[in-house]
Amino acid sequence: MTPVHSLPIFAPLIFSLLLATPAAADECRIRAPAREPEVTFALQTGPITWHTDQTREQIRALRANSGARVAAVGPNWQSIGLTLATFVLAVDVRVVATPVNPARAGAAPPEYCARLIAADVKFGASRLDAYVARDYRRGTCPHRVVRDHEERHVAIYRAAVERLAPRIETRLQAAARELPLVRAANAKAGAERLRKILHDDLSKIFDAMGREMEAENRALDTPEAYANERKLCPRGEW
């Protein structure tokens, strides 16, 4: 049995911009904004979908296409179970973008000073798909063993999201307040700089979650664990 588990990361870029009146030339050096930005945090916990209509070869192809690592159990093991998880860390920002040097005929293009006024972050598991090879009908011992194995992987993913969500939300609140004003060539570039700073900050926790889950999954996907699971059913049923 070689269940494999993927961790795609989606961080769509969404902008909402406002233009304010011209600013003094040194405004972007001011670190603290006039008021704290509004922050919203949404936890996504997508449902799990079970698939029992895929052959071993189809599950092998799904595993290969996911780009996930394969458990090091040797060439004689077949893919009879699989869990694929899709996680999301999406950051949306709104900024006030103030021209620093208003456009004038013959002058250089104006620069902008961008300040965060709102941040919206979505985090969690947006999708979980678990597969049991159709070779094993529901109600049989192998079906139960494979499903139990995949449910343990699902539990790892859900526990990780629940464990890390408070940390990401807390860090979001602090990081949004700490964001400096930034100077950029235009309002959109200023918004992107602030969004990237915030996203990169939160990604440190997000990436740590991925490493934790990978270690926990590896502990389940070992030759010894697979061998013990096979012993739970009569040899002829596999």
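Parameters at a glance
- Residues numbered from 1 in each chain as written.
- Predicted model: local features only at pLDDT ≥ 70, side-chain atom pairs only at ≥ 80, totals over all residues.
- Heavy atoms only, no water.
- Helix = DSSP H or I, 4+ residues; strand = E, 2+ residues; numbered from the N terminus.
- Contact = heavy atoms within 4.5 Å.
- Disulfide = S-S within 2.5 Å.
- Buried < 20%, exposed > 50% of the residue type's maximum accessible area, 1.4 Å probe, protein only.
- Phe/Tyr/Trp six-rings, centres within 6.5 Å; stacked < 30°, edge-to-face > 60°.
- Lys NZ or Arg CZ within 6 Å of the ring centre and 35° of its normal.
- Core = buried A, V, L, I, M, F, W, Y, C linked by side-chain atoms within 4.5 Å.
- Expected span 1.5 Å × (residues − 1).
- Bend = angle between axes of the 7 residues up to and from the residue.
- Polar contact = N/O pair within 3.5 Å; in protein donor to acceptor, adjacent residues only side chain to side chain.
- Pairing = 2+ DSSP bridges.
- Salt bridge = Lys/Arg side-chain N within 4 Å of Asp/Glu carboxyl O.
- pLDDT = per-residue confidence, 0-100.
- Axes fitted to C-alpha atoms, helices over the stretch in contact; angles between N-to-C directions.
- Parallel < 35°, antiparallel > 145°, perpendicular 65-115°, else oblique.
- Left-handed = near helix turned anticlockwise from the far one by under 90°.
- Nonpolar A, V, L, I, M, F, W, Y, C, P; charged D, E, K, R; others polar.

A. Inspection of the overall build of the protein at higher detail. When helices and strands are counted, the protein shows four helices and seven strands. Tracing the protein from N to C terminus, the helices and strands come up as β-β-β-β-α-β-β-α-β-α-α. Considering only contacts within the protein whose residues lie at least 6 apart along the sequence, 85% involve residues at least 24 apart.

B. Spatial organisation of the state of the cysteines. Tallying each qualifying case throughout the model produces one disulfide. Put simply, Cys141 and Cys233 are joined by a disulfide, and their sulfur atoms are 2.0 Å apart. Its S-S torsion of about -85 degrees marks the bond between Cys141 and Cys233 as left-handed, since a negative value means left-handed. Here Cys233 lies in the segment after helix 4 (223-230) and Cys141 lies in helix 2 (residues 141-178), a separation of 92 residues in the sequence. The same class applies to Cys141 as to Cys233, namely buried.

C. The arrangement of the packing of aromatic side chains in detail. Enumeration according to the criterion identifies four aromatic pairs in this entry. With 5.6 Å between their ring centres and 70 degrees between their planes, Phe87 and Tyr157 make a pair best called edge-to-face. With a gap of 70 residues between them, Phe87 in strand 5 (residues 81-99) and Tyr157 in helix 2 connect regions that are remote in the sequence. One exposure class covers both Phe87 and Tyr157, and it is buried. An aromatic cluster of three or more residues is present, and its members are Phe41, Phe123 and Phe206. Taking the ring centre of Trp50 as reference, the NZ or CZ of Arg147 above it sits at 4.0 Å.

D. A look at the nonpolar core. Judged by nonpolar contacts, the single largest core of 37 residues is most densely connected at Phe87, Phe123, Leu198, Leu202 and Met209. Taken together, the elements giving at least two residues each to this core come down to strand 3 (38-45), strand 5, strand 6 (112-132), helix 2 and helix 3 (187-220). Considering each element in turn, this core owes the most residues, eleven residues, to helix 2. Of all hydrophobic cores here, the second largest spans 13 residues; its members include Leu82, Leu84, Val132 and Ala133.

E. Inspection of helix 3 at higher detail. The terminal C-alpha atoms of helix 3 lie 49 Å apart, and with 34 residues this matches the ideal 50 Å at 1.5 Å per residue to within 8%. Along its length, helix 3 reaches its greatest deviation from straightness, about 35 degrees, at Ser203. Sitting at the head of helix 3, Asn186 places a side-chain oxygen 3.3 Å from the backbone nitrogen of Lys188.

F. Representation of the pairing of strand 5 within the structure. Most of strand 5 sits inside the fold, with 17 of its 19 residues counted as buried. When strand 5 meets strand 6, the two strands line up antiparallel, connected through 19 bridges. By the bridge assignment, Arg94 is partnered in strand 6 with Ala118.

G. Main features of the pattern of salt bridges. By the definition in use, this model includes 16 salt bridges. For Lys122, the salt bridge goes to Asp120, with nearest N and O atoms at 3.1 Å. Judged by relative accessible area, Asp120 falls into the partly exposed class, the value being 22%. A salt bridge links Asp129 to Arg127, with the shortest nitrogen-to-oxygen separation between them at 2.5 Å. What makes Asp129 buried here is its relative accessible area of 6%. Beyond isolated ion pairs, a larger network of salt bridges with shared partners links Arg163, Glu212 and Glu216.

H. Fine view of the confidence of the model for the protein. When the pLDDT values of the protein are averaged, the result is 84; 78% of them are 70 or greater. Low confidence marks residues 1-25, where pLDDT is under 50. Its contacts with residues over four positions away, or in another chain, come to 105 contacts.

I. Broad picture of the packing of helix 2 against helix 3. It is at 9 Å that the axes of helix 2 and helix 3 come closest, and there the two elements cross at 160 degrees. What the angle tells us is that helix 2 and helix 3 run roughly antiparallel. The chirality of how helix 2 crosses helix 3 is right-handed. Here the contact of helix 2 with helix 3 is composed, by residue class, of 15 nonpolar, three polar and seven charged.

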